[in-house]
There are 2 protein chains.
Amino acid sequence: MGEQRPGGEALLFLTDEQLRKGIEAMFFAYRGFTADPDRILAEHGYGRAHHRAVHFINRTPGMTVNNLLEILGVTKQSLNRVLRSLVEDGLVQSRIGTHDKRERHLFLTDTGKALEQALSEAQRHRMRAAYRAAGPEAVVGFRQVLEAMMDPEQRHYFARQAGRDKA
Amino acid sequence: MGEQRPGGEALLFLTDEQLRKGIEAMFFAYRGFTADPDRILAEHGYGRAHHRAVHFINRTPGMTVNNLLEILGVTKQSLNRVLRSLVEDGLVQSRIGTHDKRERHLFLTDTGKALEQALSEAQRHRMRAAYRAAGPEAVVGFRQVLEAMMDPEQRHYFARQAGRDKA
DNA sequence: AGGGTACGTCAGCCTTGTTGACATTCCAAG
DNA sequence: CTTGGAATGTCAACAAGGCTGACGTACCCT
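Reading the values: rules and limits
Residues numbered from 1 in each chain as written. Chains lettered and ligands numbered in written order. Predicted model: local features only at pLDDT ≥ 70, side-chain atom pairs only at ≥ 80, totals over all residues. Heavy atoms only, no water. Near = heavy atom within 4 Å. Polar contact = N/O pair within 3.5 Å; in protein donor to acceptor, adjacent residues only side chain to side chain. Least-squares fit on C-alpha atoms with pLDDT ≥ 70 in both. Contact = heavy atoms within 4.5 Å. Axes fitted to C-alpha atoms, helices over the stretch in contact; angles between N-to-C directions. Helix = DSSP H or I, 4+ residues; strand = E, 2+ residues; numbered from the N terminus. Parallel < 35°, antiparallel > 145°, perpendicular 65-115°, else oblique. Nonpolar A, V, L, I, M, F, W, Y, C, P; charged D, E, K, R; others polar. Expected span 1.5 Å × (residues − 1). Bend = angle between axes of the 7 residues up to and from the residue. Buried < 20%, exposed > 50% of the residue type's maximum accessible area, 1.4 Å probe, protein only. Salt bridge = Lys/Arg side-chain N within 4 Å of Asp/Glu carboxyl O. Buried area = accessible area lost by both parts, 1.4 Å probe.

1. Describing the protein's contact with DNA strand D
Around DNA strand D there are 25 residues in total, and Lys76 of chain A together with Gly47, Arg52, Thr75 and Arg81 of chain B lie nearest to it. Take His50 of chain B: an N or O atom from its side chain is 3.4 Å from a phosphate oxygen of DNA strand D. Arg52 of chain B is positioned with one of its side-chain polar atoms (N or O) 2.2 Å from a phosphate oxygen of DNA strand D.

2. Thoughts on the relation of the copies chain B and chain A
Its rotation angle being 180 degrees, the transformation that places chain B on chain A also includes 0.0 Å of axial translation and leaves an RMSD of 0.0 Å. The symmetry that links the two subunits is that of a two-fold axis. The position closest to the rotation axis in chain B is occupied by the C-alpha of Phe142 of chain B, lying 1.8 Å away. Here 100% of the interface residues in chain B have copies in chain A that are interface residues too; the copies meet face to matching face.

3. Some details on the packing of helix α5 (residues 110-134) of chain A against helix α1 (residues 16-44) of chain B
Orientation of α5 of chain A relative to α1 of chain B, taken along the N-to-C sense of each, is 90 degrees, at an axis distance of 9 Å. Judged by the angle between their axes, α5 of chain A and α1 of chain B are roughly perpendicular. Touching Glu116, Gln117, Ser120, Gln123, Arg124, Met127, Arg128 and Tyr131 of chain A of α5 of chain A are Asp16, Gln18, Leu19, Arg20, Gly22, Ile23 and Met26 of chain B, all from α1 of chain B. Residue composition of the contact of α5 of chain A with α1 of chain B, by class: five nonpolar, five polar and five charged.

4. Observations concerning helix α1 (residues 16-44) of chain A
Residue and element names in this part refer to chain A. Taking 1.5 Å per residue, 29 residues should reach 42 Å; α1 reaches 42 Å between its end C-alpha atoms and fits that length. At Ala35, α1 is bent by approximately 35 degrees, the largest bend along its length, and proline Pro37 sits one to four residues beyond. Within α1, 21 of the 29 residues are buried, which leaves it mostly tucked inside the rest of the structure. A positive phi of about 75 degrees marks Gly45, the residue just after α1.

5. A look at the pattern of salt bridges
For the coordinates displayed, the defined rule picks out 24 salt bridges over all chains. For Asp151 of chain B, the salt bridge goes to Arg126 of chain A, with nearest N and O atoms at 2.9 Å. With one member in each of two chains, Asp151 of chain B in the loop between α6 (136-149) and α7 (152-160) and Arg126 of chain A in helix α5 form a pair that bridges those chains. Here Asp151 of chain B and Arg126 of chain A have matching classes, each one buried.

6. Considerations on the interface of chain B and chain A
Each partner contributes residues to the interface: chain B has 66 residues there, and chain A has 66 residues. Contact with chain A buries area across many residues of chain B, yet Arg20, Lys21 and Phe28 of chain B alone supply 10% of it, more than any other trio. At the boundary of chain B and chain A, one finds twelve salt bridges. When the shortest N-O distance is used, the salt bridge between Asp16 of chain A and Arg124 of chain B registers 3.0 Å. The tally of links between chain B and chain A comes to 24 residue pairs in polar contact (both at pLDDT 80 or more). Mapped by element, the contributors of at least two residues to the side of chain B that touches chain A are α1, α2 (48-59), α3 (65-72), α5 (110-134), α6 and α7 of chain B. The leading source of residues in the side of chain B that touches chain A is α1 of chain B, at 19 residues. Among the residues forming the side of chain B that touches chain A, the class breakdown is 34 nonpolar, 14 polar and 18 charged.

Written out as structure tokens, the structure is:
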């Protein structure tokens, strides 16, 4: 399995073995990535779906349900169940739109912000440690590969609001 | 929120905004990462759990159930359900251990190998495209950050069998 | 002979995804 | 002004895939 790609190009990083290692790295890393928030969520009786909703509502306050639906890529029924519990528990406020009264604009309450902060802090803590261990150049590469791995629509959304930081 | 880290160090890549972008990149990239296999799996009536089992059995033929349990980090009941269906469908063969007859050693049948190949090919295709787009140096950084993000045990397993390739 | 290990299995529960159907509200076009 | 379609909510039913707890069997090792 050494050289299945003739031509002598320096593409060793594209061997099947390298790709498989990358695949496994994604698998294990994602597990680590979600481990800390999962613990916090479990204490509150929530799951990852709640985390995702809270994350993006915090990111873009006032976003509509449809917006969120597109980003998360789930059905409205599935999201609705999650949103309902968050609203009932007083973490999210759903305001009827002023311009278009069919739309619901979503906001975090102070309680919701507190949970988001706790979840985000845990996740950023691990990410910070990983970034620090790997160094700035590795971080650039990390981001490049991740972005290239996204589906086009997601990459579009991701890149679109990347303008917030000057990098 | 510009400079919360005094000392003048060039740690711009550790700002909360950068970390948040990294978090979202992980989320979106993982979605892309699983999208292609998910489609294939759905055609066969399987889910990601089956993919993971098949992947690691292919990776280490003859591994025991307990081994697989540790790698996947799920309960034996959960894994058993998946393994049973794979054995029933003739994708996995479970052989009683010769040394220790309590153990079951797991192997892919030819059918199992075919599915693994199809799943792996889809995933490697995307990974290859991402690697190619980002370039070899980015790939190194990608791997470094992912490895730093894993839990220690998973990193240990991951690094342990990294010796297969000479990188 | 007995304790602990490896594995399988039954039962029940939860989260989170799905489809399908239907009601409501309301903007906008005819 | 009516009506089509969009946005939303909601009910029901279902499935995958996690989980815990309990129990049985086979087996190694002391």
